[in-house]
Amino acid sequence: MHMPRLPYTFDADQRYPVDLHMHSTASDGALTPTELVTLCAERGLTHMSLTDHDTMDGIDEAGLAAAQTGVCLVPGCELSTRWQGVNIHVVALMPGGLQGPMVDGLIQQRAARIQRAEVIAERLEKIGLSNALEKARVQAGSDRPLGRPDFARALVEEGLVPDWASAFKRYLGSGKKGDVKAHWPEISEVVGWIVDSGGVAVIAHPLRHGLTRRKRGLLMDTFKAAGGQGVEVVSGQQNPDSTRDLARQLVERELYASMGSDFHFPGSHAAPGSMSMIPRTAAPPIWQHPRLVHLRDAPAGMLAAG
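Anyway, here's the lowdown on the structure attached to this text. (Residues numbered from 1 in each chain as written. Predicted model: local features only at pLDDT ≥ 70, side-chain atom pairs only at ≥ 80, totals over all residues. Heavy atoms only, no water.)

## Side note on a negative patch on the surface
Then step 1. A surface patch of like charges, here negative, comprises E118, E122, E125 and E134.
Then step 2. The element contributing the most residues to the negative patch is helix α3 (residues 101–126), with three residues. (Patch = residues over 30% accessible without salt bridge, like charges linked within 9 Å, V, L, I, M, F, W, Y side chains within 5 Å. Areas by Shrake-Rupley, 256 points an atom, 1.4 Å probe, with all protein chains shown as cover. Salt bridge = Lys/Arg side-chain N within 4 Å of Asp/Glu carboxyl O. Lys, Arg positive; Asp, Glu negative; His and termini not counted. Charge placed at Lys NZ, Arg CZ, Asp CG, Glu CD. Helix = DSSP H or I, 4+ residues; strand = E, 2+ residues; numbered from the N terminus.)

## Structural notes on the packing of helix α7 (residues 187–196) against helix α8 (residues 213–225)
Then step 1. Following both chains from N to C, one finds α7 and α8 inclined at 45°, their axes separated by 9 Å at the closest point. In terms of their interaxial angle, α7 and α8 are classed as oblique. Handedness of the crossing formed by α7 with α8: right-handed. Together, I187, S188 and V191 of α7 and L219, T222 and F223 of α8 make up the contact between the two elements.
Then step 2. Classifying every residue of the contact of α7 with α8 by side-chain character gives four nonpolar, two polar and no charged. (Axes fitted to C-alpha atoms, helices over the stretch in contact; angles between N-to-C directions. Parallel < 35°, antiparallel > 145°, perpendicular 65-115°, else oblique. Left-handed = near helix turned anticlockwise from the far one by under 90°. Contact = heavy atoms within 4.5 Å. Nonpolar A, V, L, I, M, F, W, Y, C, P; charged D, E, K, R; others polar.)

## Thoughts on unusual backbone geometry
Then step 1. Phi at D54 is positive, roughly 55°, even though this residue is not glycine.
Then step 2. Phi angles above zero are rare outside glycine, and H205 is one such case at about 25°.
Then step 3. Within the secondary structure, H205 is located in the loop between β5 (200–203) and α8.

## Quick word on the pattern of salt bridges
Then step 1. Tallying each qualifying case throughout the model produces 12 salt bridges.
Then step 2. Note that R148 is salt-bridged to D179, the shortest N-O span being 3.6 Å. Of this pair, R148 sits in helix α5 (residues 148–157) while D179 sits in the loop between α6 (164–172) and α7; the two residues are 31 residues apart in sequence, bridging distant segments of the chain. Each member of the pair, R148 together with D179, is buried.
Then step 3. Taking the shortest distance from any N to any O, the salt bridge between D245 and R213 comes out at 2.8 Å. Here D245, found in helix α9 (residues 240–253), pairs with R213, found in helix α8; they are 32 residues apart in sequence, far enough to count as distant.
Then step 4. The exposure class assigned to R213 is partly exposed, which follows from its relative accessible area of 37%. (Buried < 20%, exposed > 50% of the residue type's maximum accessible area, 1.4 Å probe, protein only.)

## Comments concerning the side chain of S276
Then step 1. Mapped onto the elements of the fold, S276 is located in the loop between β7 (256–260) and β8 (301–302).
Then step 2. Residue S276 is classed as buried on the basis of its relative accessible area of 9%.
Then step 3. Here Q238 takes part through its backbone nitrogen, which lies 2.7 Å from a polar atom of the side chain of S276.
Then step 4. In contact with S276, not counting residues within four places along its chain, are V234, G236, Q237 and Q238. (Polar contact = N/O pair within 3.5 Å; in protein donor to acceptor, adjacent residues only side chain to side chain.)

And the structure:
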């Protein structure tokens, strides 16, 4: 089964049936890979990527579901990195699947996540969440490395905050007590893993890192120098003026434009495929990248290397 062809350019303000940034129970999402792919198909998406945090454990299951539901799946993951002391997320789109330096890279990331969870737990115990690690593990429901959302749910469960958003606002968001960055590798190193493994590196949600326009430009310069080639021009809902300005920064640097909802769980502000319109821009779509160009004509199921 062949998908509708994707456009060569973004030549009008519109939405596309594509979502290249979502999460499942393989990291901190609420839906299994199969449930996520099924929901994507129900919502009319034709192309998607599963990009769990620092793992590709859900990809095989998602690939089977994609073949059954008529969706094209790009294997991927989202990696945590550091740049000038800021925690920057990078999406790896991996048409060849998990291979090359990414294999050891993800093992390193898993160890960093485990170490980081222990530090987060220690800090949250000081504000009243006793046995924080065990309580977050209950929320995770599996033995995968714990993330901040697991601790957020534990804080809600214990009545220390009224809801998930408050947990981040008070304790887990950027700069708060439970925001532990120290264990992540530098962005240039991570981009190297991705590119040397046949993948395409994409800066995730660049407007959410709290950077000034100038610093965002410097980040993109560092990222491109390391071999990175894409940026999410839309991530969920954003201000249209900010999106157009971001698109200009991409054009100036000859970077490809990607898109994603950053979906984690039903009932949140995001849903698969729900994001702001892509503006008319000279920045080429990410599927025009030489490693992803076959995505335009790919059949349903898992995308193989071109």
